[in-house]
Amino acid sequence: PLLNSFDLVLLQESWKTPEPNTLEPLRVYHEILEAGSTHAFQSAPASLPLGSDPSRPTAQFSDGLNRFTNLPTDPVIRTAWETCHGVLDGASDCLAFKGFSFSTISLARGVTVEVVNLHAEAGGSPADEAARAAQYVQLADAINAFPADTPFIVGGDFNLHGDDPVDAAVLADFYAATGLTDACVAVACGDTERIDRIAYRGTSALSFTALSWEADGTTTFVDPDGEPLSDHLPVRVELAWEVVES
């Protein structure tokens, strides 16, 4: 229910418990978020492969990428990363079909924006870094396959630390290749090391302005004892948009 005051919610690592649950006593929890959401659109979660997909037999989990919104939206299109590293070593990214998803969202009649949700490779080994860099090239290519005048909002777990030289270079290259602006940087939030990011790209016909940025771990998204509800503090951004008259 804490998500219901937001127009657009991008979720990562949000899986739905399978029925029957062959993972018992392990379970996952997306169905609880679905039940508490009053958003008009809730993405249909990808089913858990549970080791049955021959393209990645190590994968037990799907991408975990879901979204809730009150804005009219097209169905979500999901794409897995072409590379990953680790099954029982490092961050074990090959245990899931991590990747990115697209959908077109309508801000108003005739005004649309492409919204990307992503979860990138974790870990800090050279193999992790190589996989993560390749993933951002893949995502940049996917974004740049759209017409140049397509506006974007991109959010998720980037797994890129702003204070790490290798990660910072990958992030800078990705933003340069796509023309995206980091909302945290735009409002001088002072927390550019955080790996959960929201970025945007306007066009000559539709402009975006970041008005605020907050990593909420002390007020709303806490349990009765005041402890954060997640190991990732929710990042909330307020974006203003304006149709630019030609």
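One can find the structure itself at the top, above this paragraph.
Predicted model only: the values in this text are computed from it and were never measured. Counting restarts for each chain: residues are numbered from 1 in the order of the written sequence. Predicted model: local features are reported for residues with pLDDT of at least 70 only, side-chain atom pairs are reported and counted for 80 or more only, and whole-chain, interface and lining totals are derived from all residues. Side-chain metrics rest on all non-hydrogen atoms present in the structure, leaving aside hydrogens and water.

Looking at the state of the cysteines
No. 1: Two cysteine sulfurs form what is called a disulfide whenever their separation falls within 2.5 Å. Tallied over the entire structure, the rule returns two disulfides.
No. 2: Between the sulfur of Cys84 and that of Cys94 lies a disulfide, 2.1 Å long from S to S. In this structure, the disulfide formed by Cys84 and Cys94 twists by about 115 degrees around the S-S bond and is classed as right-handed. With Cys84 in the loop between strand S4 (77-80) and strand S5 (99-108) and Cys94 in the loop between S4 and S5, the pair connects residues that are ten residues apart, well separated along the chain.
No. 3: Relative accessibility decides the category of a residue: with a 1.4 Å probe and only protein chains considered, values under 20% of the type maximum give buried, values over 50% give exposed, and everything between is partly exposed. Judged by its relative accessible area of 23%, Cys84 falls in the partly exposed class.
No. 4: The cystine pairing of the protein chain, numbering bonded cysteines in sequence order, is 1-2, 3-4. Every helix listed is a DSSP run of H or I at least four residues long, and every strand listed is a run of E at least two residues long, numbered separately from the N terminus.

Examining the side chain of Gln138
No. 1: When you line up the elements, Gln138 lands in helix H2 (residues 126-144).
No. 2: On the accessibility criterion, Gln138 (11% relative accessible area) is buried.
No. 3: Only heavy atoms matter for contacts: two residues are in contact if any of them lie within 4.5 Å across the pair. Aside from chain neighbours lying at most four places away, what touches Gln138 is Thr79, Ala80, Trp81, Glu82 and Phe100.

Here we look at the environment of Glu13
No. 1: Here Glu13 shows up in the loop between strand S1 (8-11) and helix H1 (30-36).
No. 2: Spatially, the C-alpha atoms of Glu13 and Ala96 are 9.7 Å apart, while their sequence positions differ by 83 residues.
No. 3: With near-sequence residues (within four places) excluded, Glu13 lies in contact with Gly64 and His119.

As for the sheet that holds strand S2 (residues 41-42)
No. 1: Only strands joined by at least two bridges in the DSSP assignment are considered to pair. Read from one edge of the open sheet, three strands run S1-S3-S2, paired in antiparallel fashion. Unpaired on one side and paired on the other, S1 and S2 mark the two borders of the sheet.
No. 2: Across four bridges, S1 lies against strand S3 (residues 66-69) in antiparallel orientation. Residue Val9 lies in a different strand from S3, and its bridge partner there is Phe68.

Some details on the side chain of Thr73
No. 1: Note on placement: Thr73 falls in the loop between S3 and S4.
No. 2: From its side chain, Thr73 meets the backbone oxygen of Thr104 in a polar contact 3.4 Å long.
No. 3: Excluding anything up to four places from it in sequence, Thr73 contacts Phe41, Ser103, Thr104 and Ile105. N or O atoms closer than or at 3.5 Å make up a polar contact, with two conditions inside protein: a donor-capable atom paired with an acceptor-capable one, and, for residues adjacent in sequence, both atoms drawn from side chains.

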